[in-house]
Amino acid sequence: MKARRFFLTTLFMIALSSLSLSACTSKTSDSVIYGKVTAINGTALTIDVGTLNETSGNTATNTTESSQNSATQATDSSTSPPTPPTNSGSGTPAAPPTDSSAGSASSSSTNSDSGAPSAPPTGGAPASMPEMLTLTGETKTITLSDAITITKQGTPQTGSDSTNSSASSTTASTTDISVGTVLKISYKANSEEITSIEIVTGGGQPGGGATVETGSGAYNLKDGETFTDGTYTSTNADENAIRAENAITASLNNVTVSKTDGAASSSDASSFYGLNAAVLALSDAVLNITGGNVTATAEGANGVFAYDGATINIKDTIINVTGGNAGGIEVAGGGIMNASNLTVNSTVKAAIRSDRGGGTMTVDGGTYTTSGSTGAPAVYSTADITVSNATLTANTSEAVVVEGLNAIALNNCIVSGNMTGSNGSSTDNIHNVMLYQSMSGDAQVGSSNFSMNGGSLTSNNGDMFYVTNTDANIQLSNVALTPAANTYLLLVSGNDASRGWGTAGANGGNCTFSATNQTLEGAIKTDAISTLDLTIKDGSTFTGSINSDGTAASSLKVTLDTTSTWSLNDDSYITEFNGNMSNVVLNGHTLYVNGVAKN
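Residues numbered from 1 in each chain as written. Predicted model: local features only at pLDDT ≥ 70, side-chain atom pairs only at ≥ 80, totals over all residues. Heavy atoms only, no water.

### Thoughts on the overall build of the protein
Applied cut-off: Only runs of H or I of at least four residues qualify as helices and only runs of E of at least two qualify as strands under DSSP, and these elements are numbered from the N terminus. Think of it in three bands: with a 1.4 Å probe and only protein chains considered, a residue is buried below 20% of the maximum accessible area for its type, exposed above 50%, and partly exposed in between. Any two residues whose heavy atoms approach within 4.5 Å at even a single point are treated as in contact. In short, Shrake-Rupley with a 1.4 Å probe defines the accessible areas, and a residue's cover is counted only from the protein chains shown.
Check the secondary structure of the protein and you find three helices and 48 strands. When each of the 599 residues of the protein is scored for burial, the buried share is 53%. The long-range fraction of contacts in the protein, counting pairs at least 24 apart against all pairs at least 6 apart in sequence, stands at 68%. Summed over its atoms, the accessible surface of the protein is roughly 22500 Å², and 49% of this surface lies on carbon and sulfur atoms.

### A closer look at the packing of aromatic side chains
We apply this condition: Ring pairs are drawn from Phe, Tyr and Trp, using the six-membered ring of Trp, whenever the two centres fall within 6.5 Å, and their geometry is named by plane angle: stacked under 30 degrees, edge-to-face over 60, tilted for the rest.
Applying the stated criterion across every chain yields a total of nine aromatic pairs. When the ring of F227 is compared with that of Y232, the centres are 4.7 Å apart and the planes differ by 5 degrees; the resulting orientation is stacked. Residue classification places Y232 among the buried positions, given a relative accessible area of 13%. Each residue in the set Y219, F227 and Y232 is aromatic and connected to the rest through ring pairs, giving one cluster.

### Notes on the pattern of salt bridges
Just so we agree on the cut-off: Think of a salt bridge as a Lys or Arg side-chain nitrogen and an Asp or Glu carboxyl oxygen that are within 4 Å of each other.
In total, this model carries seven salt bridges according to the counting rule given. Residue D549 pairs with K525 through a salt bridge whose shortest N-O separation is 3.3 Å. Note that D549 is positioned in the loop between β41 (541-543) and β42 (555-560) and K525 in strand β39 (residues 523-526), a separation of 24 residues in sequence. The salt bridge partner of D533 is K557, with a shortest N-O separation of 3.5 Å. Here D533 is found in strand β40 (residues 531-537), whereas its partner K557 is found in strand β42, with 24 residues between them in sequence. K557 sits in the partly exposed class, given a relative accessible area of 24%. Among the ionic contacts, a cluster of salt bridges with common partners joins E330, R353 and D355.

### Let's talk about the sheet that holds strand β44 (residues 572-574)
Within a sheet, adjacent strands bond to each other through the backbone by hydrogen bonds, running parallel or antiparallel. For the record, the criterion: Here, strands pair whenever DSSP counts at least two bridges between them. Helix axes are fitted only over the stretch in contact, all axes being lines through C-alpha atoms; the angle between N-to-C directions runs from 0 to 180 degrees.
Taken in spatial order, the three strands make up an open sheet running β44-β47-β48, and their pairing is mixed. Taken across any chain shown, the strands that pair with only one partner, and hence form the sheet edges, are β44 and β48 (596-598). Strand-to-strand, the axes of this sheet are offset by a mean angle of 35 degrees, without reference to chain direction. Pairing geometry for strand β47 (residues 591-593) and β48, over three bridges, is antiparallel. Note on β48: the bridge partner recorded for L591 is K598.

### Considering the nonpolar core
Inclusion rule: What we call a nonpolar core is a set of buried Ala, Val, Leu, Ile, Met, Phe, Trp, Tyr and Cys residues that are connected through their side-chain atoms within 4.5 Å.
The biggest cluster of nonpolar side chains holds 92 residues, and the ones touching the most others in it are I329, F450 and F513. Those residues in contact with F450 that lie beyond four places of it in its chain are V400, I408, L410, V433, L435, F465, N473, I474, Q475 and L476. Membership of the second largest hydrophobic core comes to 17 residues, among which are V37, A172, Y187 and I197.

### Some remarks on the sheet that holds strand β20 (residues 329-332)
Taken together, twelve strands build an open sheet; the order of strands is β8-β11-β14-β17-β20-β22-β24-β27-β30-β33-β36-β39 and the sheet is parallel. Looking at which strands have only one partner, the edges of the open sheet turn out to be β8 (216-220) and β39. When strand polarity is set aside, the average angle formed by the axes of neighbouring strands in this sheet is 20 degrees. Relative to strand β17 (residues 304-307), strand β14 (residues 279-282) runs parallel, the two being bridged by four bridges. Counterpart to A281 in the pairing with β17 is A306.

### Focus: the pairing of strand β19 (residues 318-321)
The side-chain alternation of β19 yields one buried face, formed by I319 and V321, and one unburied face, formed by I318 and N320. Note: strand β16 (residues 293-296) against β19, four bridges, orientation parallel. Each residue of the ladder has a partner; that of T295, found in β19, is N320.

### A short note on the pairing of strand β1 (residues 32-41)
Looking along a regular strand, one sees the side chains alternate between the two faces of the sheet. In the sheet, β1 pairs with strand β6 (residues 182-187) via five bridges, with the strands oriented antiparallel. Residue pairing across strands places Y34 opposite K184, the latter belonging to β6. For β1 and strand β2 (residues 44-52), the ladder comprises seven bridges, and the chain directions are antiparallel. Counterpart to I40 in the pairing with β2 is L45.

### Points about the side chain of S572
With respect to the helices and strands, the residue S572 is situated in strand β44. Relative accessible area serves as the criterion here: at 0%, S572 is assigned to the buried category. Residues contacting S572, with those up to four places away along its chain left out, are G544, S545, I546, W566, T590, L591 and Y592.

### Examining the environment of G323
Tracing the chain through its elements places G323 in the loop between β19 and β20. We classify G323 as buried; its relative accessible area is 2%. Remark: the alpha-carbon pair of G323 and K259, spanning 64 residues in sequence, is separated by 9.6 Å. With residues up to four places along the chain from it excluded, the contact list for G323 reads A296, T297, A298 and V348.

Below, the structure is given as structure tokens:
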């Protein structure tokens, strides 16, 4: 009896100790939270709450469009484009049924004019990308005050984790916090009172980012001020020619803006925050620009830049940008750009572009042209970009790039690309429209979206569409497609990870492709680590093959409605078919569904 009483007493004490330890642990963890800033409104910050990942010390190297434009294919033979399709039972290659038949795209080893790509970061598959935080789904709004101590994490000792307490911290301010910044927020015990905030990363880059540095302005607009005619010039480093800052509204009418000298001290800051741009609006300013022209030839001098909640309304303006690491019109950090009837020429980066922290761009009318660099698409999106009734031309690069959880919508546009080379890798994929995740931290992980309604899309070299290391959604409706010869209409595949785009063998694409009242011609390829969900509907026609070399995709589903047809020009291999075989014209070829011939 005594032994039993002793045993029960011992169990009780162990349970009590466990409860006490649990309570202490919970109290400690509740006093600190981590979050990523998603919006800034004055002193109010909106954050997505998350838990710190163990791998958060790995620093991802920034790579923008000048070093990302060419995706690399996986090294196993299943992802290499086949030679042009052969007829069933024939040992000799058949002539391609259309100019878009499958084939191997030739590539050049020419480097981008903006320099060789940065060393790749460590990466993983789209489902397990190395983000600093694992988001919990909780959103909080916190209010900054003078009573809160703000610091930023210094560079840790070599070999140490970036979140290690031994890493030095320096005094910071609210200006160091931007959309995408990861914060460590400490609360007073058993209270909602915030005692301190530590900036773990800037701008959302895993493992660190550029300090927010926007420089100065040669001409600083005041609230209600209007500049009419006149020439405004900057030749100093880190200086905007014209700058609109804070909650002001100002206007430029038929002015000439020139940024001809003075290089940016930081390429990241020029891309992320508008450092050294010819025209910069930031911190909730509203800037209206009508007519005139903007010329930017200095290193890191973008043309017209909206950052940190600022809005730029611009129309009938000519913008010429020839400096390194610079593009035409840009938003970042939640900036807004409404552009109408512009003429934009850029030689190193995109004519229409966004960068870290994203924003919104709405473009209507005008011509937007790039030349001189493989890294200069007409449009590069880490934001929500809509372009209507415009001509978009990339003379030496792919036409369009969407990175991560962002979107491009084109309406009645004339679009063409001519990717003439790679960034130095013989395995680079040559393509016209790319949807991908770079792992640089410039864009959140999520579905990349591309939609096009009306207009025309021409590939002068390379696959029409390329999806790698991301989920992607492509929607086409009544678009006139002109493919390059012997290329894929659509390639969904992994890459060799030489640029840090995930981990080779686990960085395929997952693509949903919808064709509405659309004519499609060409070969489609989905490799063994990728998926495709293809829907052909509303009077669409598809002439071509899918995985004609017999590659078994991870998943490859085709849905064909009763108003549409699929005409095969080679054997095709898919995993699921939804539709009526009476709408499939075999032309002597075989459609295999999970290895079983359909007829």
